[in-house]
Amino acid sequence: MFSLVVNIIIVVSLFINSIAILHEDRFLARIGWTARRSGYNTEPTVKSKIIDLISATRTLLRIPLIIINSIIIIYLLILG
């Protein structure tokens, strides 16, 4: 049971890491997913909400991801 919980935490951490490393200028701008909006009164679409989620993930979870990744690395080195 403990192993299952640890594996789920590792998978979630990898997923959040994959979102956090998406570079806006190199990758997201090529496919048209930049955070620049055309107007102030525009209705938020699903695409703009996903872009905001990616931006918020990179901003808010930077330090916690470093800590979580360090804990996971130490756990995997000790308990393999």
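Please refer to the structure placed before this passage.
Residues numbered from 1 in each chain as written. Predicted model: local features only at pLDDT ≥ 70, side-chain atom pairs only at ≥ 80, totals over all residues. Heavy atoms only, no water.

K.L.:
Talk me through the environment of Asn69; I want residue IDs and the actual numbers.
P.N.:
Tracing the backbone through its elements, the reader meets Asn69 in helix α4 (residues 62-79). Residues Asn69 and Arg58, spaced eleven residues apart in sequence, show a C-alpha to C-alpha distance of 15 Å. Within the local environment of Asn69, its side chain forms a polar contact with the side chain of Ser13, the two groups lying 3.2 Å apart. (Helix = DSSP H or I, 4+ residues; strand = E, 2+ residues; numbered from the N terminus. Polar contact = N/O pair within 3.5 Å; in protein donor to acceptor, adjacent residues only side chain to side chain.)

K.L.:
How would you summarise the side chain of Arg58 if you had to cite specific residues and measurements?
P.N.:
Counting through the fold element by element, Arg58 comes out in helix α3 (residues 46-60). At a separation of 3.5 Å, a polar atom in the side chain of Arg58 contacts the main-chain carbonyl oxygen of Leu22. When near neighbours in sequence (up to four residues on either side) are disregarded, Arg58 contacts Ile19, Ala20, Leu22, Glu24 and Leu28. (Contact = heavy atoms within 4.5 Å.)

K.L.:
Pulling in residues and values, what's your account of helix α1 (residues 2-20)?
P.N.:
Structural remark: α-helix, 3.6 residues per turn; residues separated by three or four positions point the same way. With 19 residues, α1 extends 27 Å from end C-alpha to end C-alpha; this agrees with the ideal 27 Å at 1.5 Å per step. Among the residues of α1, Val6, Ile10, Ser13, Asn17 and Ile19 are the ones counted as buried. The inward-facing, buried residues of α1 contact α3 and α4. (Expected span 1.5 Å × (residues − 1). Buried < 20%, exposed > 50% of the residue type's maximum accessible area, 1.4 Å probe, protein only.)

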